[in-house]
Amino acid sequence: MTKTPDAPDTTVPGGTAVPVSAAALPELRRRVRAVLVATQILGGLGIATGVALAAVLATEVSGTDALAGLASTATVAGPALLAMPLAALMARRGRRAGLVLAYLLGALGAGIAVLGAVLGSFPVLLVGLVGFGAGSSANLAARFAAADLAEPDRRARAISTVVWATTIGAVLGPNIAAPAGRSVSGLGVPVAAGPFLWAAAVFVVSALVVALLLRPDPLLTARALAAAEGDGAADRPEDRSLRAGLRAVRESPQARIALVTVAASQTVMVSIMSMTPVALTHHGAGIELIGLVISVHIAGMYAFSPVMGWLSDRLGRLAVIGLAVGLLGFAALLAGTAGASHTRVAAGLFVLGLGWSAGLVSGSALLTDSVPQAARAAVQGLSDTVMNTAAGVGGLVAGVIVSQAGYGPLNAVAACLLLPMAALALRGALRRA
């Protein structure tokens, strides 16, 4: 490729040419953002449609509330198991290859979940839910794809814009769960499994959009631009390995704060949210009301993420992490003391979503800020692995707590998980003061 003053030789180490001039970079940022926004809407629709009834379907198939928490554990086990292989694939081949694979695995998992429901097999259902969770791996990884080409002082806002886009699909998802269920009533498929058929189709469309339109690849382009500017001249394949990612985290206190933040935020959110449909069912709520409450929760998760991104860029990442601790704690108090009040549960779930948004956006931005460019894909994969593994354990324990002690004690236990996050954020703030 010919080198010119306004079109540097942006050849990715490894030989992949990504010809992007400085003048073309703003347009590329807009195009990448548009594609990611579109797939977030679709992916959010598929994920939320299934997640709204995952615990209910698990209860129907297993015949007990105690195993309902395994549904949320399975859906976060998929991202936990896939995060590092996905990060390794992205480090070698770019974001596009990883996102397409994740969406296709999500579609396959959704189909297997439906098969498990038809057969009445709880193990098959769980296997399907693990695969279904891979679809959320794509939506999680997309937030880092948005940060690849963003200016450092606008990185949190870039992440939050893509997170926000999930609002549309995620809010619609739970509300179309009922018609999705009814649409399969004549096919011998349980009503609660219908949304997973719809989710499979949506994931396939998302994979096609990424494969066809996410070009050039944002991660490969960012790496090439860094090399052209001299920031990535020493970039080697070993610098992008898991070992390099672990070393980068060990060497950065800020990266460790970020890891704890995203893990704690996700665990608290998943633990409470996953068992809320079961708690509502015990107090007489039907599928439509459950869908509405989950929609309110998801609106809190995504609709205000641009505000969290703006605050993170303006006030600093640590300040918004502190805000996340306060919101998540207040949410646990509201939901845990709601009793039979559906309105109070909905309010608690809305605040829970806000707290998750604050933690995810600020933590993701801080993580990206805190490690070298070459190691970012590996560190981001490590972050998603830790986050989803912790949330998977939380979902499993949540089912046991609710079956043995109730929904209120679950919220109290979840609030205690915020203490390490608060302590580390405070320590980091005092170091900077």
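Calculation rules
Residues numbered from 1 in each chain as written. Predicted model: local features only at pLDDT ≥ 70, side-chain atom pairs only at ≥ 80, totals over all residues. Heavy atoms only, no water. Helix = DSSP H or I, 4+ residues; strand = E, 2+ residues; numbered from the N terminus. Rg over C-alpha atoms; globule rule 2.2 N^0.38 Å. Buried < 20%, exposed > 50% of the residue type's maximum accessible area, 1.4 Å probe, protein only. Contact = heavy atoms within 4.5 Å. Areas by Shrake-Rupley, 256 points an atom, 1.4 Å probe, with all protein chains shown as cover. Lys, Arg positive; Asp, Glu negative; His and termini not counted. Charge placed at Lys NZ, Arg CZ, Asp CG, Glu CD. Expected span 1.5 Å × (residues − 1). Patch = residues over 30% accessible without salt bridge, like charges linked within 9 Å, V, L, I, M, F, W, Y side chains within 5 Å. Salt bridge = Lys/Arg side-chain N within 4 Å of Asp/Glu carboxyl O. Phe/Tyr/Trp six-rings, centres within 6.5 Å; stacked < 30°, edge-to-face > 60°.

A.B. asks: Help me out: how do you make sense of the overall build of the protein chain in this one?
C.D. replies: When helices and strands are tallied, the protein chain shows 17 helices and two strands. Compactness check: the protein chain gives a C-alpha radius of gyration of 21 Å against a globular reference of 22 Å for 433 residues, within 12% of the reference. Seen along its three principal axes, the alpha-carbon backbone of the protein chain occupies a region of about 70 × 55 × 35 Å. Relative to its full complement of 433 residues, the protein chain shows a buried share of 58%. In the protein chain, once contacts between residues fewer than 6 apart in sequence are set aside, the share between residues at least 24 apart is 81%. Accessible area for the protein chain stands at about 16100 Å²; split by element, carbon and sulfur atoms hold 67% of it. Of the side-chain charges in the protein chain, 29 are positive and 19 negative, and the distance between the mean point of each set is 3 Å.

A.B. asks: Whenever I open this one, helix 11 (residues 287-302) confuses me. Can you help?
C.D. replies: At 3.6 residues per turn, the α-helix brings residues three or four places apart onto the same side. Spanning 16 residues, helix 11 covers 22 Å between terminal C-alpha atoms, matching the ideal 22 Å at 1.5 Å per step. Of the residues making up helix 11, those classed as buried are Ile-290, Gly-291, Val-293, Ile-294, Ser-295, His-297, Ile-298, Gly-300, Met-301 and Tyr-302.

A.B. asks: Even after reading the chapter, I still don't get a nonpolar patch on the surface, so can you show me in this structure?
C.D. replies: Judged by side-chain polarity, Leu-104, Val-204, Leu-208, Leu-212 and Leu-213 come together as a nonpolar surface patch covering roughly 480 Å² of accessible area. Of the residues forming the nonpolar patch, the biggest block, four residues, is contributed by helix 7 (residues 194-213). For Val-204, a relative accessible area of 36% gives the class partly exposed.

A.B. asks: When you look at the packing of aromatic side chains in this model, what are you seeing that I'm missing?
C.D. replies: The geometry of an aromatic ring pair is captured by two quantities: the separation of the ring centres and the angle between the planes. Here the structure, examined in full by the defined rule, presents five aromatic pairs. Aromatic side chains Tyr-302 and Trp-356 sit 5.4 Å apart centroid to centroid with 80° between the ring planes, which places their arrangement in the edge-to-face category. One end of the pair, Tyr-302, is in helix 11; the other, Trp-356, is in helix 14 (residues 342-370), and 54 residues separate them in sequence. You can call Tyr-302 buried: its relative accessible area is 14%. Relative to Phe-350, the ring of Phe-304 has its centre 5.9 Å away and its plane inclined at 85°; by these criteria the two rings are edge-to-face.

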